[in-house]
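Read off the chains here:
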Amino acid sequence: MTAGAVEPDEDMPAPSARPTVRVGAPTERRNPLSVDLDLMSTRDVLTVINEADRRVPAAVAAVLDEIATTVDLAVAALRGGHRVHYFGAGTSGRLGVLDAAELAPTFNSPRHWFCAHLAGGPDAMWRAVEDAEDDDRTGEVEAASCVRAGDLVVGLAASGRTPYVLGALAAARAKGASTVLLCANPEAEAARSVDVFIGVDTGPEVVTGSTRMKAGTAQKLVLNTFSTAVMVRLGRVYSNLMIDMVATNAKLRGRMISILIEATGCSEEVSQRALAEADGDLKTALVSLVSGAEVDAARAALARSADQVRGALALLAS
């Protein structure tokens with residue numbers, strides 16, 4: 001054996017002995033518009049990719065009814081004290097982690113509201129964890145340990161057949177949670193085993209099977225649409241302004257002042273003073289300025305209306 005070589009593990013199967021699956025999802029088919037991709041100029045490669053990407057928003061638009069149903073399920077779960085879980089693998093799972101991570105700083109949502117689970121664990125965010133997505137038992141055990149009746153579980157799998165994801169969905173269903181499968185395969189067999197099926201028809205990838213491309217873009221759009229709509233329905237947006245944001249830096253502190261100016265028409269000086277009197281609480285300052293009420297009355301109205309700006313304003317107006 002040459003220096004530095006690693007002795008093979010007798011218990012580890014040879015590469016040829018590992019299970020093999022041929023996936024028949026649309027994302028695995030060849031795209032006829034890109035068969036000469038490696039012969040094209042750089043500009044033409046970019047054009048082919050860009051033209052393929054244009055299909056994605058229309059594909060997402062075709063499943064808005066299913067996304068709306070999922071939003072309503074999530075709102076009901078969160079209002080009932082339950083949670084939303086994402087279970088995914090590879091690109092799909094990483095997008096779930098990204099979506100969940102962005103909600104707390106953007107909308108000041110409690111961190112336990114959205115829980116992201118990635119096949120292979122945290123290390124899989126940075127590198128592929130071999131065979132992690134093929135382990136349905138791991139998905140089952142993970143879901144069984146944390147999902148509760150009343151939760152919403154969203155499975156993220158480009159092909160619609162990832163064992164880790166399907167295992168998690170099966171365990172979640174057994175726990176009494178609502179289940180959703182988001183994939184890029186409208187023909188997925190698992191559609192029959194979930195409460196809501198979101199099969200986005202993005203078609204064959206420019207690079208065959210590379211679901212980090214159109215399929216991943218579609219999942220990112222759906223997740224953005226879904227989670228943003230959930231936050232709107234839960235009152236964490238007033239008009240089209242972020243009113244539950246966490247001001248963790250100078251830019252965001254400045255954005256708070258801009259939001260007050262936009263929402264109330266007050267001057268920068270008045271907005272700054274209101275925010276200071278509200279101890280930096282944007283919602284309280286906003287309700288105070290819009291209603292003309294004192295800060296203490298605005299804070300009390302928010303408390304009585306489950307922290308909803310529209311509800312607090314209605315209380316003060318009556």
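In this report, the structure presented in the accompanying data block is examined. Per chain, residue numbering runs from 1 following the sequence as it is written. Reporting in this predicted model follows two pLDDT cut-offs: at least 70 for local features of residues, and 80 or more for side-chain atom pairs to be given and counted; totals over whole chains, interfaces and linings ignore these cut-offs and use all residues. As a rule here, side-chain values come from all non-hydrogen atoms in the structure, and water together with hydrogens is ignored.

## Focus: helix H4 (residues 90–107)
This is how it is decided: Put simply, DSSP H or I for four residues or longer makes a helix, DSSP E for two residues or longer makes a strand, and each gets a number counted from the N terminus. Here a helix's expected span is defined as the number of its residues, less one, multiplied by 1.5 Å. Should any heavy atoms of two residues lie within 4.5 Å, those residues are counted as being in contact.
Compared with the 26 Å implied by 1.5 Å per residue over 18 residues, the 26 Å span of H4 between its first and last C-alpha is a close match. At its buried positions, H4 is contacted by strand S1 (84–88), strand S2 (114–118), strand S3 (152–156), helix H7 (214–233) and strand S6 (237–238). Within two residues after H4, asparagine 108 carries a phi angle of roughly 55°, on the positive side.

## Let's talk about the pairing of S1
Stated formally: For every residue, the accessible area (1.4 Å probe, protein chains only) is compared with the maximum for its type, and the residue is labelled buried under 20%, exposed over 50%, or partly exposed between those bounds. When the strands point away from the viewer and the path from the first strand over the helix to the second turns clockwise, the crossover is right-handed. Note: two strands are recorded as paired if DSSP finds a minimum of 2 bridges between them.
The buried fraction of S1 amounts to five of the five residues, a majority that puts the element mostly inside the structure. Alternating positions in S1 separate into two faces, Val84, Tyr86 and Gly88 on one and His85 and Phe87 on the other, with burial throughout. Handedness of the crossover is the feature at issue here: the chain leaves S1, passes through H4, returns alongside S2, and the resulting connection is right-handed. Two strands pair when backbone bridges link them, and S1 and S3 are joined in this way by five bridges, in the parallel orientation.

## Digging into the side chain of serine 271
Secondary-structure assignment places serine 271 in helix H9 (residues 268–277). A relative accessible area of 0% places serine 271 in the buried class. Dropping the residues within four chain positions of it, serine 271 is found in contact with Ile257, Leu260, Ile261, Thr264, Cys266 and Leu289.

## Points about the packing of helix H11 (residues 295–304) against helix H12 (residues 309–317)
Cut-off, in case you're wondering: Under this scheme, a helix contributes an axis fitted over its contacting stretch, all axes are lines through C-alpha atoms, and angles between N-to-C directions fall in the 0 to 180 degree range. It is the rotation of the near helix from the far one that decides the hand of a crossing: anticlockwise by less than a right angle makes it left-handed, clockwise makes it right-handed. By the convention adopted, Pro, Cys, Tyr, Trp, Phe, Met, Ile, Leu, Val and Ala count as nonpolar, Lys, Arg, Asp and Glu as charged, and the other residues, Gly among them, as polar.
At a closest axis distance of 8 Å, the pairing of H11 and H12 adopts a crossing angle of 120°. Remark: the crossing between H11 and H12 carries right-handed chirality. Here Ala297, Ala298, Ala301, Leu302 and Arg304 of H11 lie close against H12, whose contacting residues are Val309, Ala312, Leu315 and Leu316. Looking at the contact of H11 with H12, its residues break down into eight nonpolar, no polar and one charged.

## Quick look at the side chain of lysine 214
Counted only if it meets this: Positive charge is attributed to Lys and Arg, negative charge to Asp and Glu, and no charge count is given to His or to the chain ends. We count a salt bridge whenever a side-chain nitrogen from Lys or Arg sits within 4 Å of a carboxyl oxygen from Asp or Glu.
Assignment of secondary structure puts lysine 214 in helix H7. For the buried lysine 214, which has no salt bridge, the nearest side chain bearing the opposite charge is glutamate 205, at an N-O separation of 5.2 Å. Aside from chain neighbours lying at most four places away, what touches lysine 214 is Asn31, Ala52, Asp53, Arg55, Val56, Thr202, Gly203, Pro204 and Glu205.

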